[in-house]
Amino acid sequence: MAFELPALPYDYEALAPFMSRETLEFHHDKHHKAYVDNGAKFAAEAGMDGLSLEDIVKQSFGKHAGLFNNAGQHYNHLHFWNWMKKGGGGTKLPGAIQKAVDADLGGYDKFRADFIQAGMTQFGSGWAWLAVKDGKLAVMKTPNGENPLVHGAKPILGVDVWEHSYYIDYRNLRQKYLEAFVDNLVNWDYVAEMHAAAV
Ligand code: MN3
């Protein structure tokens, strides 16, 4: 089934103080659930409910805005929950990722600065990404529900910069949220898994 809402992979308190229970309750239980419910409805109407989620995202892009927006956001959030963990973040990256960050992005500090900058300069709602494009790592940003899949790349890390992701905990301070995400939340093991599958 392309449209099902899985439980969070951790307790609602697990990411505090960097992301609160209240944020996770609204973001997962209400926002993500709405993408699942609406995506399922639009996919059925479009006769695409037999396809995989990735195929629905790719095939609806530019053709069926209602389906694309909800399917894209479902895909993005499925991974977003797994891109975070208690005690995550920091500079100890799995070996293969560290090598690729050094070779393709100029090292960890430059990656951190560029990733945060991508999130800061995404005007309005959207996402900042670390993706694999043409076999190399790239930092990207996309508006609304878009993701690297529809730009010829494979996402391996993404951060939600819609206000619903940070306004409860950080109010308007998107930079503080992005710094906390990179320094304290990123689940690099999951990033490494997606990287291994993408290259
Ligand atoms: Mn969101």
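Draft legend 1. View of the coordination of the manganese ion. For the manganese ion, the full set of protein donor atoms is His27 (NE2), His77 (NE2), Asp160 (OD) and His164 (NE2), at a range of 2.0 to 2.2 Å. Donor residues for the manganese ion sit on one chain with the sequence pattern H-x49-H-x82-D-x3-H. Residue His27 is located in helix α1 (residues 21–45), and its partner His164 is located in the loop between β3 (154–160) and α6 (167–170); the two are separated by 137 residues in the primary sequence. Accessibility classification places His27 together with His164 in one group, the buried group.

Draft legend 2. Layout of the pattern of salt bridges. Tallied over the full model, the rule gives seven salt bridges. With its nearest N and O atoms 2.8 Å apart, the salt bridge here joins Lys33 to Asp37. A residue pair is termed a helical-turn pair when its members lie 3 or 4 positions apart in one helix, as Lys33 and Asp37 do in helix α1 at four residues. Note on Lys33: relative accessible area 38%, which makes it partly exposed. For Asp183, the salt bridge is made with Arg112, and the minimal N-O distance between the two is 2.7 Å. Pair noted here: Asp183 is in helix α7 (residues 174–185) and Arg112 is in helix α5 (residues 108–121), with a separation of 71 residues, a long-range link. By relative accessible area, Asp183 is classed as partly exposed at 29%.

Draft legend 3. Quick look at the domain arrangement of the chain. Along its sequence, the chain is carved into domain 1 (21–82) and domain 2 (95–198). Centre-to-centre separation of domain 1 and domain 2, based on C-alpha positions: 20 Å. Counting from both sides, the interface comprises 19 residues of domain 1 and, opposite them, 23 residues of domain 2. Together, the buried faces of domain 1 and domain 2 total about 1800 Å²; carbon and sulfur atoms form 64% of this surface.

Draft legend 4. Just the pairing of β3, in detail. Along β3, six of the seven residues are buried, which leaves the element largely enclosed by surrounding structure. Note: strand β1 (residues 126–133) against β3, six bridges, orientation antiparallel. Along β3, the bridge assignment pairs Leu130 with Leu157.

Draft legend 5. Structural context of helix α8 (residues 188–198). Restricting attention to buried positions, one finds in α8 the residues Trp188, Tyr190, Val191, Ala192, Met194, His195 and Ala198. Turning to α8, the residues buried within the fold contact α3 (65–82), α4 (95–105), α5, β1, β2 (136–143) and β3.

Draft legend 6. Structural detail: the nonpolar core. Counting residues in each nonpolar core, the largest one holds 62 residues, and the members touching the most others are Phe80, Leu157, Phe181 and Trp188. Looking at which domains feed residues into this core, each of domain 1 (21–82) and domain 2 (95–198) gives three or more. Residues within four places of Phe181 in sequence aside, it is in contact with Phe80, Trp83, Met84, Phe115, Leu157, Gly158, Val159 and Val186.

Draft legend 7. Structural detail: the packing of α4 against α5. In contact at an axis separation of 8 Å, α4 and α5 are set at 75° when each is read in the N-to-C sense. Our classification of the angle between α4 and α5 gives roughly perpendicular. Where α4 abuts α5, its residues Gln98, Val101, Asp102 and Leu105 lie against Tyr108, Lys110 and Phe111. Class assignment for the residues of the contact of α4 with α5 results in four nonpolar, one polar and two charged.

Basis of the calculations
- Residues numbered from 1 in each chain as written.
- Predicted model: local features only at pLDDT ≥ 70, side-chain atom pairs only at ≥ 80, totals over all residues.
- Heavy atoms only, no water.
- Donors = N, O, S within 2.8 Å, 3.2 Å for Na, K, Ca; no water.
- Helix = DSSP H or I, 4+ residues; strand = E, 2+ residues; numbered from the N terminus.
- Buried < 20%, exposed > 50% of the residue type's maximum accessible area, 1.4 Å probe, protein only.
- Salt bridge = Lys/Arg side-chain N within 4 Å of Asp/Glu carboxyl O.
- Domains from an automatic or database assignment.
- Contact = heavy atoms within 4.5 Å.
- Buried area = accessible area lost by both parts, 1.4 Å probe.
- Pairing = 2+ DSSP bridges.
- Core = buried A, V, L, I, M, F, W, Y, C linked by side-chain atoms within 4.5 Å.
- Axes fitted to C-alpha atoms, helices over the stretch in contact; angles between N-to-C directions.
- Parallel < 35°, antiparallel > 145°, perpendicular 65-115°, else oblique.
- Nonpolar A, V, L, I, M, F, W, Y, C, P; charged D, E, K, R; others polar.

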